[in-house]
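Listed here are the chains, written in short residue letters.
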Amino acid sequence: MVSKNCLSHLRRLVRGVQVEGLATHVTSDLTLPIRSSRTMATLANMPIEQMTLSPNPHLPQPPSATPISISVPTTPLPSTHITTTIYSFPTLEPLRYAYYPHNHLYLPLRRDLLHRAVIYEGDKTRSGTAHTKWRDDVHGSHKKLYPQKGTGRARVGDKQSPVRRGGGVAFGPKARDFSTKLPRKIYDLAWRTALSYRYRRGELVVVDRLQNQRSNATWWLKQIFEGNGWGNASGRSLLVSRWRGKSNNALYLGMERVGEDGRMLEVSDVDVKDLLGMGRIVIEQKALNAMLKEHVSDLVPGIGAAAGQLSTSASSAVMEEMLEDGELLDAAVMEELVGEEAVDGLIRDDVKPTSA
């Protein structure tokens, strides 16, 4: 039998204690390492701005193995510009380069902002006209139909009761406003975030101008969408123009006939949901510039307060651009841009009475 002294010596050996008389028969490899406490780990100084990566000593190293020093910047990177290629439509030949600020088309993805913008647009487009009549709104007398007792029938109230045919609707919808509020700076940031998401994925195609070059726009568009991979099989495409005029009216009509492959909108009719709903965006450069110019309230201080004052001048600038491009301006377009009173003023200014 093993004596108690031997067992005591073995326990001490396992704990790393050197015992006289038995130390010559046991090597130091049997001793356990000292256990590090949490205090020792927290007291270690770990540099943050300057980190050094040393080679692994257990792996074979080349003769010139030196530590690698990595510097972590403590200040944000300065705003730079990104390059965008402008293509010709429909051949997609590169024409020139355009430069846009980094905070316009290269923002990081913010799903929370996109979600808030889409919900805001959806709530704003709800009509809220559903309305039903409660028992007080139904026409007729509110007299009790039968006496409470003595008829042998079930007790009833007036004929406007919700349980009777032709009565009021219990807990029915009422006309109300479903629109919610969203700060303009957040909404504009969501706009540029959606455009940046498309740009990062290579799904933002900027063209010089969208215009029809064939008489049969339907067949022509089918060939373009099939050749470029823009059709229904690739997630459809959204075409965005600066406005709808005589040069691209046939293109709009052709896109209505090939709706299964995509749709075409003016820049004033596009929202954040449209930017995220299809496979890619084919947009004119003028439309992209107008879109970015309109949604920069979070970058330009005080632009929200002067938005009402700039609306008339912005509409006049649009009219000047359309006149320069030779677009046909009818009364409906002019009223939409500057208002009915301004159109009347323009007509009165154009037709001046001759002096006697």
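For the structure given in this document, a descriptive report is provided here. None of these values were measured; they are calculated from a predicted model.

1. Topic: the environment of Lys246
By secondary structure assignment, the location of Lys246 is in the loop between strand 6 (237-241) and helix 7 (249-257). Considered as a pair, Lys246 and Gln211 are 35 residues apart in the sequence and their alpha carbons are 9.3 Å apart.

2. With respect to the packing of aromatic side chains
Scanning the entire structure with this criterion turns up 5 aromatic pairs. Arranged with centres 6.0 Å apart and planes meeting at 90°, the rings of Phe89 and Trp220 form a pair that is edge-to-face. Remark: Trp220 occurs in helix 6 (residues 217-228) and Phe89 occurs in the loop between strand 3 (81-87) and strand 4 (94-101); sequence separation between them is 131 residues. Ring geometry for Tyr120 against Tyr187: centres 5.3 Å apart, planes inclined by 65°, an arrangement best described as edge-to-face. Taken together, the residues Tyr120 in helix 4 (residues 111-125) and Tyr187 in helix 5 (residues 184-200) connect sequence positions 67 residues apart. Three or more aromatic residues joined by ring pairs form one cluster here, namely Tyr120, Tyr187 and Trp191.

3. Side note on helix 6
Compared with the 16 Å implied by 1.5 Å per residue over 12 residues, the 16 Å span of helix 6 between its first and last C-alpha is a close match. Among all positions of helix 6, only Ala217, Trp220, Leu221, Ile224 and Phe225 are buried. Projection of helix 6 onto a plane perpendicular to its axis shows the buried side chains occupying an angular sector of 130°, all on one side. Summarising the geometry of helix 6, the exposed residues directed more than 90 degrees from the buried face are Glu226 and Gly227. Contact partners of the buried residues in helix 6: strand 6 and helix 7. With its phi angle positive at about 70°, Gly229 sits one or two positions after the end of helix 6.

4. Some details on the packing of helix 5 against helix 9 (residues 285-294)
Two packed helices can be described by the angle between their axes and the distance between those axes. As a packed pair, helix 5 and helix 9 sit with axes 9 Å apart at the nearest point and diverge in direction by 150°. Here helix 9 runs roughly antiparallel to helix 5, going by the angle between their axes. Counted together, Arg184, Asp188, Trp191, Arg192 and Leu195 of helix 5 and Leu288, Met291, Leu292 and Glu294 of helix 9 form the full contact between these two elements.

5. Considerations on the nonpolar core
In terms of nonpolar packing, the biggest core is built from 32 residues, with Leu105, Val240, Ile283 and Leu288 touching the most fellow members. By residue number, the principal contributor to this core is helix 5, which donates 6 residues. When neighbours within four sequence positions are excluded, Val240 is seen to be in contact with Leu210, Leu265, Glu266, Val267, Val270, Ile281, Val282, Ile283, Glu284, Ala287 and Met291. Grouped together as the second largest cluster of nonpolar side chains are 16 residues, Trp220, Leu221, Leu251 and Met255 included.

6. Structural notes on unusual backbone geometry
A cis amide bond, omega 10°, links Phe89 with the succeeding residue Pro90. Take Pro90: it is sitting in the loop between strand 3 and strand 4. Within the chain, Leu92 stands out as a residue other than glycine whose phi angle is a positive 60°. Examined against the element boundaries, Leu92 turns out to sit in the loop between strand 3 and strand 4. Judged by relative accessible area, which is 23%, Leu92 ranks as partly exposed. In this model, Arg236 sits at a positive phi of 65°, which is unusual for a non-glycine residue. Structurally, Arg236 can be placed in the loop between helix 6 and strand 6. Arg236 gets classed as partly exposed once you look at its relative accessible area, which sits at 26%.

About the thresholds
- Throughout, a residue's number is its position along its own chain's written sequence, starting from 1.
- The predicted nature of this model means local features are confined to residues of pLDDT at least 70 and side-chain atom pairs, given and counted, to a pLDDT of 80 or more, with totals for whole chains, interfaces and linings taken over all residues.
- In computing side-chain properties, one takes all heavy atoms of the structure into account and sets aside hydrogens as well as water.
- Note on conventions: DSSP H or I runs of at least 4 residues are helices, E runs of at least 2 residues are strands, and numbering of each starts at the N terminus.
- Classification of ring pairs uses Phe, Tyr and Trp, with its six-membered ring standing for Trp, and accepts pairs whose centres are within 6.5 Å; under 30 degrees between planes counts as stacked, over 60 as edge-to-face, and the remaining range as tilted.
- Helices are assigned an expected span. That span is 1.5 Å times one less than the residue count.
- Here's how the labels work: a residue is buried when its accessible area is under 20% of the maximum for its type, exposed when over 50%, partly exposed in between, all with a 1.4 Å probe on protein chains only.
- Picture the helix axis, draw a direction to every C-beta atom, and the arc is the one those directions span.
- Here a residue-residue contact requires only that any non-hydrogen atoms of the pair lie within 4.5 Å.
- Lines fitted to C-alpha atoms define the axes here, with helix axes fitted over just the stretch in contact, and angles between the N-to-C directions of these axes take values from 0 to 180 degrees.
- Our angle categories are set so that under 35 degrees counts as roughly parallel, over 145 as roughly antiparallel, 65 to 115 as roughly perpendicular, and the remainder as oblique.
- Grouping buried Ala, Val, Leu, Ile, Met, Phe, Trp, Tyr and Cys residues that are joined through side-chain atoms within 4.5 Å yields what is termed a nonpolar core.

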